Each structure stands twice: as structure tokens, then as C-alpha cells.
Amino acid sequence: MVRDYDIVVIGAGHAGCEAALAASRMGMSTCIFTMNLDSIAQMSCNPAIGGLAKGHLVREIDALGGEMARVADSAGIQFRVLNRSKGPAVWSLRAQADRVLYRINMRKVLEKQKNLDIKQASVEKLVVDDGGIQGVMTSLGILYKCRKVIIATGTFLKGLIHIGLDSYSAGRAGEFASVGLADSLRELGFRLGRLKTGTPPRIDARSVDFSGTVPQYGDKPPEPFSYSTTEIANPQLPCFITYTNKKTHDIILNNLDRSPLYSGRIKGIGPRYCPSIEDKVVRFAHRDRHQIFLEPEGLDTVEYYANGISTSLPVSVQLEVVRSIKGLENAEIMRPGYAIEYDFVIPTQLNHALETKKIEGLYLAGQINGTSGYEEAAAQGLMSGINAALSIKCADPLVLQRNEAYIGVLIDDLVTRGTNEPYRMFTSRAEFRLLLRHDNADMRLMDKGHEIGLLDDDVYERFILRRNAIENEKSRIMGERIKPDKINPYLREINTSEISEAETLSQLLRRPELTYEFIGRFSPPDIRLSGDEMKAVEVEVKYEGYIRRQLDMVEKMRRLEKRAIPPGFDFAAINGLSKEVLSKLKDIRPANIGQASRVAGVTPAAVSLIMVALEKKRRFNAKKKSAC
């Protein structure tokens, strides 16, 4: 035994980094273990942070006091808000990142963090006694005692890489897999599954004819992820778009027998929403082309990521495929694509704090829970670190509700519904996405981040000023009325209908063709708002009716969430539940009626039976108590 810690984090990917930083910043003595110090915060797949729904997660991480947004801003080389042509509920920020700069900057943050030790070692075994975590054992037989353990191992649990019909054990290309830890989890009685993901070949930019591609530039000026970022300092680079074609597809179809995915060598289930190029060609045979994004890996490298042609075909076939694509006729592959299989823990074995139900003090975060993506991993890492620290402080866990954050949707989906394929966040997974916009993550979560001690006072004070400015301006717009003679000349300028009697500024702003900037021309506020603040006011006013309706739905859901189900409640005693429903209720042990209603396979009729049983039990207990 070397020494004791409050919290041990296994794995230093995106989940592990957020978990370790949260725990140490909340005053816990923390140690993070990685199999390679040079791979801390490695961007194993695409060189980008954010994207549809994922950008929401990054903003929420930042609002709670996490680190991903700040490091992404420091390493960002292109920023774009996606879905601008659609409603504000689905706008989402995405940034290309310099992979090396991201990794270096995150490691700097970890190395400067008080209460945090970083160690290179392979953790092979969990030390458990009397149903609670006691420590971890490394491959060298060194014991580290601790009160809580957070496992954030990514794709390393029994990782197996496939390239063509060749395969070898690895956590990712060039790094060892974690075998002993997977065996330790099985020995402790956890149910594990097998998933698969993949990556495309990386291309040497010097061999690319970019005149055969279409450049895609970022926004000017670039919009940062973090509320604390004042400017983006890095030079900004374009991406480039090209497409597969019939020749590409014929090459793939003629070599399917050499694909581990179609020859039966791969057993794990792959991501439905980010399939390999082999899958795309077979499943979408009617499509004559598929889009490819050539994404720069950094400012000081010629390496480009060929997003859209993830593959595990043999290297010789990968080269044929690449060279069949316009602009890539003479391309050289710097790193081949590959598929990787890995173990994951069925996430319904966790509670909403991301603590395992079986072992007290053991938390899981990231791809070990069946998710895919840096952002989903970082969100879970942050929450596991927070909740492990809160548990040591004997405080209630921080559980975000589905109406409060995409993080709440993510975790509730995992622990209530589970997953049998790599889980990816989408805006469509959220019932209240108009409330969960990427522009209002601070309004939803900064109070919580400050309360638990993760958000700096200066950041929080700036947030208070921003919130007050927005609320004051909304009040002014709702109450201030304007007469026809003052506004109609402006309305005539833009060829829109005039008003015949005085209207509030909010009534005008609800017109689709009018903006807050237009309103400000004839009725400016006393204190000028920033661009972000103006946009927030505009969205809140324009969509007030829709927002109010969603808040009514939230209140209905909240009433169901308040109807708690006691921990030892006997579902088997309820007459009328099917064997399938009973099995799922016993496995997941929902904490309340709301969660029970979201369990896959639990019908409204079954929910009604549970509610009746709970009411009978409540009346029986009340009668028993009054008799005493």
C-alpha cells in the first residue's frame, strides 16, 4: 500500500479528466490513473468538440464548472453554430480542435490542480469488502486505498482492434487494453455487454487536391463554448467537403468478404447513427454518394481526418476507397482506419448519481456505460466526480432532471432505459428542448455549479449581471407600449403590416420578420446589451407561448416524480403485472412513478397498477400509524 485517497479515478480520457477535476476542486484528495501520461485527454476519434445536441452538453458542463468548454476554446481552430436555419431549440455549437493542443492544455489544467495526483499505472482489480469499495490494485501489485472509485476506461476494457481480417488486443491504436479490470467487474457480478466503434483513415494533406473539394469556413467572429472565454486566439482553418461515388461503393461491395464487420469476426454492436462506410453502402444502397468532411487535425500538422468513411477494411482496400474519391485521387494514408470492440457495463445497474447499485462507492462514467462521444463522456465524468464528492460530504447527490439539462436526459436514459448500442445524444431525445437551449445553459445550471463550489465567484458574478440585464430588458419589452405614429415609418421601411393602435414591444417582437435589433432602433434600452443578451431576450419573447406550454408539461412530470417508490417496494405483490414488466421493474428499481413510466416496456396500464398499489400501501401505513 502506498497511500490513501478520498477518490480514485481510473482513466484519463474526457470522462476521467472531468471527474478528477470536479472531485479535487470540491476538496477531495484525488488520484487519476492512466496507462499513458502522454495520452491524457486524447481525442481518439474526430478532432472536434460539440455538434448537434453535443454542443448543449459542453455548454452545460461549463455552466456547472467543468473544464471541457474552456480547453476546447483554447484549442479551437474553427467554430460554427449548426442549424441556424431552424429554431433556436436545435442550434448547437461545434468546434474543430487542434488535437495536440487540446491534450496539452487539459494536461496542464490537471497538473496545476490542487488535491490531484496523476499516476501512470494499469489498475487491474477493485478491492471490495462488505459490499463497499475499499481501494484499487495495480498490475504491479500496489494497493491504493480510497473511499470512492470512478471508472472511466473508455474503449479499453478488453479492447480488440480489427483491420481487415487481422485483429489484436488494444485500448486504441498503439495502447494496451485493460483486461484485468474487466475480469474484476465480472467477478463482482456486473453484467457486461460488447460494443463496437470505428475510425476513418487519416490523410496527408500534401497529397490532397483541394481544388476538387468544397471549402467550409467557420463563423466570423467565432462563438466560444465557455461563458468565461473572452476571445478565440488561434488562427481559424476551413474544412473541406467531398463525396463518395459509384466507384467507391463498388470497391467496398466487392471486398465485403474481407470486412471483419461482414465476415462475422466483430461481435459487438456498432453505432446506428455513425455507421462505417461499409454499413452505409449496404444499408443505404439507394444512395449514390455519401458526404465526407476533411477536417484538419491541428495547426502544425498535415494530417486530416476523413470524417464519413470510418472503416475496418484491409489497408490496401482503404487506399483504393480513398483514391476513388474526388480530390483524393493521389492521397496518402498516414494512419489506417480501424474498428474496435470493447466491454461495457449495462447502465441500468447504476442509479442517477452514476453509482453502481451493487457496490457502494463505485461510480462509472463514459463509454463504459455504453455511450459514444467525448461530450457524453465528459458530462458523465463531471457528474460522477460531483456525486462522489457530495457522498463523502454526506450531502444529497446532484441529480439533474430531464427538464433541467441534456445531462439529465442522458443519465436518465442510461439508467432507466439502458442501451444495447453506443448511445449518442440528439436534441430529439429531450422532451423539453425549447427549455434546454444551448444559449441558456448558464441560466439553468450556474446556480447549481456555484452552490456545490465548482464555479468561481467572478464567473458567477458576471452571470448574475447577465441574468439581471436579460430579465430587466424582458420586463421593459413586455410593458412598454409604442404608438402607431412612432413605429409605422419603420414598419413601412421593411414592407410589413403597420399597426392601428398602440402595441407592446413584445407584441411586435413576436412577429417572425422582426428582430430585437430592429426594435432597438426606435426604442433602445437604457443600458446596451451584448449580442448574446440581445439574442436571449429575442428568443425568450418570441417563443414565450411555447415556453409556457412546455413549463406546464414540466409541472405535470414533476408531480409524477414526486410520487416516490420506497426502496424495498415489492413489485411482485402487484396483481396484473406481466413477467416482462415485473422483471424490468425489479432490475431497474425506479425511484418514483415518473421514472417507472419511462422504463422500456412498462405500459401506462402497469403504471396505473403501481400507483394504486402505492396508494393502498400509503393508506394502510396511515391507518396503522393512527392506531398506534
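Residues numbered from 1 in each chain as written. Predicted model: local features only at pLDDT ≥ 70, side-chain atom pairs only at ≥ 80, totals over all residues. Heavy atoms only, no water.

Chemist: Explain the sheet that holds strand 19 (residues 338-345) here, please?
Modeler: Whenever strands of a sheet pair, they do so through backbone hydrogen bonds, lying parallel or antiparallel. Judged by pairing direction, the sheet is antiparallel, and its four strands sit side by side in the order 11-10-19-12 without closing on themselves. Edge strands, defined here as strands with exactly one partner in the open sheet, are strand 11 (166-169) and strand 12 (192-199). Put simply, the sheet's adjacent strands are angled 25° from each other on average, direction ignored. Pairing between strand 12 and strand 19: eight bridges, direction antiparallel. When the bridges of strand 19 are listed, G193 appears paired with F344. (Pairing = 2+ DSSP bridges. Helix = DSSP H or I, 4+ residues; strand = E, 2+ residues; numbered from the N terminus. Axes fitted to C-alpha atoms, helices over the stretch in contact; angles between N-to-C directions.)

Chemist: Even after reading the chapter, I still don't get the pattern of salt bridges, so can you show me in this structure?
Modeler: Any two side chains of opposite charge can pair, on the condition that their charged atoms come close. Counted by the stated rule, this structure contains 50 salt bridges. Between R335 and E303 there is a salt bridge; the shortest N-O distance is 2.7 Å. Residue R335 is located in strand 18 (residues 333-335), and its partner E303 is located in strand 17 (residues 303-307); the two are separated by 32 residues in the primary sequence. The class for R335 is partly exposed, based on a relative accessible area of 42%. Here K535 makes a salt bridge to E538, at a shortest N to O gap of 4.0 Å. A residue pair is termed a helical-turn pair when its members lie 3 or 4 positions apart in one helix, as K535 and E538 do in helix 16 (residues 531-542) at three residues. Judged by relative accessible area, K535 falls into the partly exposed class, the value being 32%. Put simply, R402, D412, D413, R417, E431, E561 and R598 are held in one network by salt bridges that share partners. (Salt bridge = Lys/Arg side-chain N within 4 Å of Asp/Glu carboxyl O. Buried < 20%, exposed > 50% of the residue type's maximum accessible area, 1.4 Å probe, protein only.)

Chemist: Honestly, the pairing of strand 10 (residues 160-163) in this entry has me stumped. Any pointers?
Modeler: Walk down a regular strand and you will see the side chains alternate between the two sheet faces. Here strand 10 pairs with strand 19 via three bridges, running antiparallel. Considered in strand 19, the bridge of L160 is made with E341. Of the strand pairs in this sheet, strand 10 and strand 11 are connected by four bridges, and their pairing is antiparallel. Within the sheet, the bridge partner assigned to L160 lies in strand 11 and is S169. Two successive antiparallel strands, strand 10 and strand 11, enclose a turn made up of two residues, where G164 displays a positive phi of approximately 65°.

Chemist: Please explain the layout of surface pockets as it appears in this structure.
Modeler: Space left empty within the atom packing is revealed by a probe, the size of a water molecule, rolled over the atoms. Reported here for the second largest pocket is a volume of approximately 860 Å³. Lining the second largest pocket are 34 residues, and of these R466, S530, G531, D532 and E533 lie nearest its centre. Those elements that place two or more of their residues in the lining of the second largest pocket are helix 11 (441-451), helix 12 (457-479), helix 15 (516-522) and helix 16. In terms of residue count, the dominant contributor to the lining of the second largest pocket is helix 16 (seven residues). When the residues that make up the lining of the second largest pocket are grouped by side-chain class, the tally is 13 nonpolar, eight polar and 13 charged. (1 Å grid on protein atoms, 1.4 Å probe; cavity = no way out; pocket = protein on both sides within 12 Å on 5 of 7 lines; lining within 4 Å. Points joined across faces, edges and corners; volume = space filled by probe spheres on them. Nonpolar A, V, L, I, M, F, W, Y, C, P; charged D, E, K, R; others polar.)

Chemist: Quick question: what am I supposed to make of the sheet that holds strand 18 here?
Modeler: Read from one edge to the other, the open sheet built from six strands follows the order 14-15-16-17-13-18, with strand pairing classed as antiparallel. This sheet does not close on itself; its edge strands, each paired only once, are strand 14 (214-216) and strand 18. For this sheet, the mean angle separating the axes of adjacent strands, direction not counted, is 35°. One ladder, built from three bridges, connects strand 13 (residues 202-204) with strand 17; its direction is antiparallel. Looking at the pairing, I203 lines up with Y304 of strand 17.

Chemist: For this particular structure, what's the right way to read helix 1 (residues 14-25)?
Modeler: With 12 residues, helix 1 should reach 16 Å at 1.5 Å per residue; the first-to-last C-alpha distance of 17 Å fits that figure. Judged by how many residues are buried, helix 1 sits mostly within the fold: 11 of 12 residues are covered. All of the buried residues along helix 1 are H14, A15, G16, C17, E18, A19, A20, L21, A22, A23 and S24. Immediately downstream of helix 1, the backbone of G27 shows phi near 95°, a positive value. (Expected span 1.5 Å × (residues − 1).)

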